[in-house]
Amino acid sequence: MSLRIYTVEVSTRERTQMVDITGEVSRIVARSGVSEGVCRLFVPHTTAGLTINENADPTVVDDILAELNKIIPFEDGYGHSEGNSAAHIKSSLTGVSLTVFVTGGRLLLGTWQGLYFCEYDGPRRRKVLVKVIEE
Amino acid sequence: MSLRIYTVEVSTRERTQMVDITGEVSRIVARSGVSEGVCRLFVPHTTAGLTINENADPTVVDDILAELNKIIPFEDGYGHSEGNSAAHIKSSLTGVSLTVFVTGGRLLLGTWQGLYFCEYDGPRRRKVLVKVIEE
Amino acid sequence: MSLRIYTVEVSTRERTQMVDITGEVSRIVARSGVSEGVCRLFVPHTTAGLTINENADPTVVDDILAELNKIIPFEDGYGHSEGNSAAHIKSSLTGVSLTVFVTGGRLLLGTWQGLYFCEYDGPRRRKVLVKVIEE
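So, here is what we can say about the structure in this document. This is a predicted model, so every value here is computed, not measured.

Helix and strand content of chain A: three helices and eight strands. Here the C-alpha radius of gyration of chain A, 16 Å, is about what a compact globule of 135 residues would show, namely 14 Å. Counting only residues that meet the buried cut, chain A has 64% of its 135 residues in that class. Counting only contacts in chain A whose residues sit at least 6 apart along the sequence, the fraction spanning at least 24 positions is 83%. Counting every atom, chain A has about 5,300 Å² of accessible surface; 47% of that belongs to carbon and sulfur. The positive charge centre, built from 14 side chains, and the negative charge centre, built from 17, are 8 Å apart in chain A.

In structure tokens form, the structure reads like this:
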């Protein structure tokens, strides 16, 4: 694997959980030496995702997960026999990749924005791949 | 902030509203002088989003908003005390970034496609960040 | 159109259908000669989408489509007169673009991940635009 692809390891404890990875990704951006460019995140899993949302009040991500779990019930007559179809569906709704601008050597995020790994079929050990590109 | 990051200002009038920003973004692409590359959009807000959808018949985006508002009700026993949890959830579903190809100095969009800023917690003054990269 | 934008043609047979395009996109990546970089996919349609999900057990994508069709019914008092509002809404939920890392001349996907074209208003003839960039 290319030297320019970094890995963030995430260990989840709940069946569904939002893990704030902004700090770790920010450190990767700093370490990369990239000043102006872009930071790309990719989750190589099919029952997890990535999203950007508020990281000031933790009730926000609790509400996001609770509502997703209501809209896409854990059991709903699914055909897939592993019992995690709801997790696959949530993964396709939030997606498994993010692109964030880098400027002045830092992630360009809004005041309230944080980067979240979304666990939809935990607890598990997961990976987020990160690439930082000068442009 | 880098000279290569442009800002589109959007003022919304409704609680939820889709604002067609295709024209403004097209002008930024033209002004950038980029011939072959990519145009990236990013919303630095946590209660708004971006999407690509039909901009010929305005009932399409009306239907998108109405259905999102039905699937994710404004009130649904949320824990977040600011009363805009539904907006945060919608933001994570449509996402806050877009990537569009640029070719021949223009956005490469399908016949019916337009770029939309999605207001989920208006009315507000909002920003969309735009970067155009030659590649 | 730039020589560096490839087209994958997809013919769908069902009203809603997930079409695995991983093989075709992998061949485009190989043909491009790009070793380290990124592969971008874009659907120029407003009633279709793209997603990454499991391509081992076909019941997974069947469950994704069935649940999307349940959450966003084909008929739900929509205003758009063409009868395909549900397809437009699904398109905005899964999105019309994907970005995947390329390393060692190949797509960097997780063990179970495949690239899917999502038909939401078929049967139709569709296109997926693909660009592979060294970086």
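Having seen it, we continue.
Before going further, it helps to spend a moment on the relation of the copies chain A and chain C. Rotating chain A by 120° and translating it 0.0 Å along the rotation axis places it on chain C, where the RMSD comes to 0.0 Å. Such a combination of rotation and displacement between the chain copies is what one expects of a three-fold axis. Considering only C-alpha atoms, the residue of chain A closest to the rotation axis is A:Leu93, which sits at 3.5 Å.

Facing the 29 residues of chain A at the interface are 29 residues of chain C. Summed over both partners, the interface of chain A with chain C buries about 2,400 Å², with 56% contributed by carbon and sulfur atoms. Considering only the side of chain A, the residues that lose the most area to chain C are A:Arg40, A:Phe42 and A:Ser92, jointly responsible for 24% of the buried surface there. One can count three salt bridges joining chain A with chain C. With a closest N to O distance of 3.4 Å, C:Glu135 and A:Lys131 form a salt bridge. The interface formed by chain A and chain C contains 16 residue pairs in polar contact (both at pLDDT 80 or more). At six residues, helix 3 (residues 85–94) of chain A tops the list of elements feeding residues into the side of chain A that touches chain C. Tallied by class, residues from the side of chain A that touches chain C come to 15 nonpolar, ten polar and four charged.

This part takes up the pattern of salt bridges. Applying the stated criterion across every chain yields a total of 15 salt bridges over all chains. Taking the shortest distance from any N to any O, the salt bridge between A:Arg126 and A:Glu119 comes out at 2.8 Å. Across this residue pair, the class does not change: A:Arg126 and A:Glu119 are buried. Residues joined by salt bridges that share partners form a network here, namely A:Arg40, A:Lys131 and C:Glu135.

Turning to the packing of helix 2 (residues 59–71) of chain A against helix 3 (residues 85–94) of chain B, a few remarks are in order. At a minimum axis separation of 9 Å, helix 2 of chain A and helix 3 of chain B run at an interaxial angle of 70°. Here helix 2 of chain A is positioned roughly perpendicular relative to helix 3 of chain B, judged by the angle of their axes. Seen from above, helix 2 of chain A lies across helix 3 of chain B with right-handed handedness. Residues A:Val60, A:Asp63, A:Ile64, A:Glu67 and A:Leu68 of helix 2 of chain A touch helix 3 of chain B, and the partners they reach there are B:Ser85, B:His88, B:Ile89, B:Ser92 and B:Leu93. The residue inventory of the contact of helix 2 of chain A with helix 3 of chain B, partitioned by class, reads five nonpolar, three polar and two charged.

Moving on: the interface of chain B and chain C. On the chain C side, the residues contacting the 29 residues of chain B number 29 residues. Interface area, chain B with chain C, both sides summed: about 2,400 Å², of which 56% is carbon and sulfur. Linking chain B with chain C are three salt bridges. For the salt bridge of B:Lys70 with C:Asp76, the shortest nitrogen-to-oxygen distance reads 3.1 Å. For the side of chain B that touches chain C, the secondary-structure elements that each account for two or more residues are strand 3 (37–42), strand 4 (48–54), helix 2 (59–71), helix 3 and strand 5 (97–103) of chain B. Element by element, the count of residues in the side of chain B that touches chain C is highest for helix 2 of chain B, at eight residues. Of the residues assigned to the side of chain B that touches chain C, the class counts are twelve nonpolar, nine polar and eight charged.

Moving on to the nonpolar core. Formed by 87 residues in total, the largest nonpolar core has its most connected members in A:Ile21, B:Ile21 and C:Ile21. Each residue touching C:Ile21, except ones within four places of it in the same chain, is listed here: C:Val8, C:Val10, C:Leu41, C:Leu50, C:Leu115, C:Tyr116, C:Phe117 and C:Val128. A:Ile64, C:Ile64, C:Ala87 and C:Leu93 belong to the second largest nonpolar core, which has 48 residues in total.

Right, let's talk about the sheet that holds strand 2 (residues 17–20) of chain B for a bit. All names here are of chain B. One open sheet holds the three strands; their spatial order is 2-7-4, and the pairing between them is antiparallel. Strands with a single pairing partner mark the edges of an open sheet, and in this sheet they are strand 2 and strand 4. Across the sheet, the mean angle separating the axes of adjacent strands is 35° when strand polarity is ignored.

The operation linking the two copies of the chain is a rotation about an axis combined with a translation along the axis. Of the transformation placing chain B onto chain C, the axial shift is 0.0 Å and the rotation is 120°, giving an RMSD of 0.0 Å. The fraction of interface residues of chain B whose copies in chain C are also interface residues is only 10%, indicating that the copies meet through different surfaces.

On to the environment of C:Gly79. Its place among the elements puts C:Gly79 in the loop between helix 2 (59–71) and helix 3 (85–94). Discounting chain neighbours no more than four positions away, the residues touching C:Gly79 are B:Thr59 and B:Asp63.

Another aspect to go through is unusual backbone geometry. Backbone torsion omega between B:Gly122 and B:Pro123 reads -5°, so that peptide bond is classified as cis. When you line up the elements, B:Pro123 lands in the loop between strand 7 (113–119) and strand 8 (125–134).

What counts and what doesn't
- Residues numbered from 1 in each chain as written.
- Chains lettered and ligands numbered in written order.
- Predicted model: local features only at pLDDT ≥ 70, side-chain atom pairs only at ≥ 80, totals over all residues.
- Heavy atoms only, no water.
- Helix = DSSP H or I, 4+ residues; strand = E, 2+ residues; numbered from the N terminus.
- Rg over C-alpha atoms; globule rule 2.2 N^0.38 Å.
- Buried < 20%, exposed > 50% of the residue type's maximum accessible area, 1.4 Å probe, protein only.
- Contact = heavy atoms within 4.5 Å.
- Areas by Shrake-Rupley, 256 points an atom, 1.4 Å probe, with all protein chains shown as cover.
- Lys, Arg positive; Asp, Glu negative; His and termini not counted.
- Charge placed at Lys NZ, Arg CZ, Asp CG, Glu CD.
- Least-squares fit on C-alpha atoms with pLDDT ≥ 70 in both.
- Buried area = accessible area lost by both parts, 1.4 Å probe.
- Salt bridge = Lys/Arg side-chain N within 4 Å of Asp/Glu carboxyl O.
- Polar contact = N/O pair within 3.5 Å; in protein donor to acceptor, adjacent residues only side chain to side chain.
- Nonpolar A, V, L, I, M, F, W, Y, C, P; charged D, E, K, R; others polar.
- Axes fitted to C-alpha atoms, helices over the stretch in contact; angles between N-to-C directions.
- Parallel < 35°, antiparallel > 145°, perpendicular 65-115°, else oblique.
- Left-handed = near helix turned anticlockwise from the far one by under 90°.
- Core = buried A, V, L, I, M, F, W, Y, C linked by side-chain atoms within 4.5 Å.
- Pairing = 2+ DSSP bridges.

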